[in-house]
Structures are given as C-alpha cells and as structure tokens.
Amino acid sequence: MTTTLRPDGPEERHDDGGRARTYDVCVNSRPVGRIRLSTDPRLGPVMGLIETLEIDGPDRRRGRGTVAALAAEEVLRGWGCRQIALTVPADAPVALRLAAALGYTERSRRMLKRLGAPPELPEGSRDRALGEEEYPAWLEGAHTEFVRMRVALGVPRETAERQSADEHRTMLPRGPGTPGHRLRVLAHHGTDVGSLWVALRAPEQRPGGYVFDVRVAPGHRGRGHGRTLMLVAERECLAAGQPLLGLRVYADNAPARGLYESLGYTVEEYVFGKPLL
C-alpha cells in the first residue's frame, strides 16, 4: 500500500513570505488522516513546521504517521526550508517515540507550575522595578540574546536583528511601563545582580503568566540568584491573580532546566527539530 499526501485546499501565502497548507494523508487514495504544514511565523521561511499530524483510529500503528512525516519533509524542502520542527505534548508517548525514530532532537520544552502561597525572598535579596533610565541597557542585552538564539537556529543575522526589534517594540511599546508586563531588578545586599521580564498573561492564549527573560549578571552567577528571580516572578503573578506560571527552556541549558524542575515546574510540551539536508 502507498501512503501519500493530497492537498486539501489551496496553499496559503502571506505578505511576509510565510506559507501553509493542509493535506489529507491517503493510502491508495483513501483518506486516513490529515497533516498541516507551515513556515514558522516567528523564525520565517527558514523553519518549516508540522503543525498537526492526525491518523484516524483504525489506521494507527501501521506506519502511516511515519510516512506522512517523511513526505512532509520533502514538501518543506521544496518550500526552501532548511529545518523542520514539531511540538509534541508531554503526555503523548506515541508521538514522542515517532519523533525520536525519525531523528528529531529536542530543541526546547515548555514548562508550567501551579503556584501556591507567595514565596519569601532569601535574606538580603530585594527586588524593584526596572527604571526608565535602565531600560536601554536592559533592552540591548535582551536584543543580543534574542539574536544569538535565532542565528543558532539558522535564521540570517540581518533577519534576526529585524525580528528582535519588531518583537520588543510590539511587546513592550511603553518600555518598563507596558501594562501587563513586569520588568524587575534583583539586588542582593544592595548590589544589583540580575533582572526579570515576566508577562502577566501568557502568549498564544495560554493560561497564566509567562517568564520571557531571566538574567543573572556575570560575576554573580552560581549563587542562587536565578532561583530568587523565579520567586520574584511567582510573586508578581500571584499579585496579579494568576495561579499558573509558564516558561520555555532550551534543551542545551541543563542548569536552567534543573532549576525549574527543583522549583516544581513540569513539562507541558516538547519542541523537536532537525535539519533538512
């Protein structure tokens, strides 16, 4: 039997160069599922996405999903994508095994915590709002890290520079005074040691707040200040009536992953990827 992808409607084209299309997964022309492919709206045409892949019940466990995923790679190569990514819920063992079998590796994971009582900060630690005069330096640091991560994913530096400027301008139009966002500075015994950016509403209509950036200054790392900044984030969310706090951690950041696990965060979903050679 032959498993193929058959377009289920015209290809969608966007002004920014993005593309998307839904396909029926067919076995000898018989529809047995569906798959939706797109380019990443944040990373641009360099990154292709498998947004959804569903195989109907009676045809599961027969390799249909594997063949459909491989066919999707060929489609995305034809679109000019250099990498492919997919998001898998942590409670989907079959999909997790499929990703591993196809050579995908973990890029990042989204983690979530249900918050309890507002935590106390360690002795000598105090937080305050980031001042307007401090914002340009903070923004430059955030921009540098944003560009570094995007370039590591294969995004051209010029594109990453533009994306960083656009995203920070859109998300923080009023700088540290942007409603729904908290930019905090952590001081330990009077010395500034780090900063935090937490949104009081998570992106993509998800519940709870969301940590966008935790940064400990060089020379002050390895002393527990990252943990303290996360406690600040919890306090800010609870004060705003948000009982959940989410974040995304990259797979190669083992210290951060260990910190979040020790604080009670659990994995909600994984992002896997691989190059399209």
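Whatever comes next refers back to the structure up there.
How each quantity is defined
- Residues numbered from 1 in each chain as written.
- Predicted model: local features only at pLDDT ≥ 70, side-chain atom pairs only at ≥ 80, totals over all residues.
- Heavy atoms only, no water.
- Helix = DSSP H or I, 4+ residues; strand = E, 2+ residues; numbered from the N terminus.
- Buried < 20%, exposed > 50% of the residue type's maximum accessible area, 1.4 Å probe, protein only.
- Contact = heavy atoms within 4.5 Å.
- Areas by Shrake-Rupley, 256 points an atom, 1.4 Å probe, with all protein chains shown as cover.
- Lys, Arg positive; Asp, Glu negative; His and termini not counted.
- Charge placed at Lys NZ, Arg CZ, Asp CG, Glu CD.
- Phe/Tyr/Trp six-rings, centres within 6.5 Å; stacked < 30°, edge-to-face > 60°.
- Salt bridge = Lys/Arg side-chain N within 4 Å of Asp/Glu carboxyl O.
- Core = buried A, V, L, I, M, F, W, Y, C linked by side-chain atoms within 4.5 Å.
- Pairing = 2+ DSSP bridges.

*Asks:* Please explain the overall build of the protein as it appears in this structure.
*Replies:* If you tally the helices and strands in the protein, you get six helices and 13 strands. Within the span of the protein, comprising 277 residues, buried residues form 46% of the whole. Intrachain contacts of the protein at a sequence separation of at least 6 include 62% that bridge at least 24 residues. When the accessible surface of the protein is totalled, it reaches about 14400 Å², and 52% of it is carbon and sulfur. Taken together, the 40 basic and 36 acidic charged side chains of the protein have centroids lying 4 Å from each other.

*Asks:* Hey, could you run me through the packing of aromatic side chains in this one?
*Replies:* Geometrically, a pair of aromatic rings is defined through the distance of the ring centres and the angle of the planes. Applying the stated criterion across every chain, the model contains six aromatic pairs. Taken together, a centroid distance of 5.7 Å and an interplanar angle of 80 degrees make the contact between tryptophan 138 and tryptophan 197 edge-to-face. Residue tryptophan 138 is found in helix α3 (residues 135–152), and its partner tryptophan 197 is found in strand β10 (residues 191–199); the two are separated by 59 residues along the sequence. Tryptophan 197 shares its class with tryptophan 138; the two are buried. Residues tyrosine 210 and phenylalanine 212 carry aromatic rings whose centres are separated by 4.9 Å and whose planes lie at 65 degrees to one another, so their mutual orientation is edge-to-face. Phenylalanine 212 sits in the partly exposed class, given a relative accessible area of 29%.

*Asks:* Where do I start with unusual backbone geometry in this structure?
*Replies:* Peptide bonds are mostly trans, and most non-glycine residues show a negative phi. At asparagine 28, a position not held by glycine, the phi torsion is positive, near 50 degrees. Tracing the backbone shows asparagine 28 in the loop between β3 (19–27) and β4 (30–40). One non-glycine residue, arginine 61, adopts positive backbone phi at about 65 degrees. Judged by its relative accessible area of 75%, arginine 61 is exposed.

*Asks:* Help me understand the pattern of salt bridges, please; the structure alone is not making it clear to me.
*Replies:* A side chain with one charge can pair with a side chain of the opposite charge if their charged atoms come near. Taken as a whole and judged by the stated rule, the model has 29 salt bridges. The closest approach of N and O atoms between arginine 19 and glutamate 11, which form a salt bridge, is 2.6 Å. Judged by relative accessible area, which is 15%, arginine 19 ranks as buried. A salt bridge links arginine 150 to glutamate 167; the shortest N-O distance between them is 3.4 Å. Residue arginine 150 is located in helix α3, and its partner glutamate 167 is located in helix α4 (residues 157–171); the two are separated by 17 residues in the primary sequence. A single network of salt bridges, built from pairs that share partners, joins Arg110, Glu204, Arg206, Arg248, Glu268 and Glu269.

*Asks:* Looking at this model, I keep getting lost on the nonpolar core. Mind explaining?
*Replies:* Nonpolar side chains in soluble globular proteins tend to end up buried together. Within the largest apolar cluster, 26 residues are counted, with the highest numbers of intra-cluster contacts made by Ile35, Leu37, Ile50 and Tyr104. Elements represented by at least two residues in this core include exactly β3, β4, β5 (44–55), α1 (64–78), β6 (83–89) and β13 (266–275). Of the residues forming this core, the biggest block, five residues, is contributed by α1. Once residues lying within four places of it in the same chain are set aside, the contact partners of isoleucine 35 are Leu5, Arg21, Thr22, Tyr23, Val25, Ile50, Thr52, Leu53, Ala68 and Ala72. Counting 23 residues, the second-largest nonpolar core is a separate cluster that includes Leu121, Leu196, Leu231 and Tyr265.

*Asks:* What's the story with the pairing of strand β12 (residues 244–250) in this structure? I'm lost.
*Replies:* A large share of β12 lies buried, amounting to five of its seven residues. Relative to β12, strand β7 (residues 105–114) is paired through seven bridges, and the arrangement is antiparallel. Across the sheet, arginine 114 pairs through a bridge with leucine 244, a residue of β12. Across three bridges, strand β11 (residues 209–216) lies against β12 in parallel orientation. Residue pairing for β12: tyrosine 210 is matched across the bridge by glycine 246.

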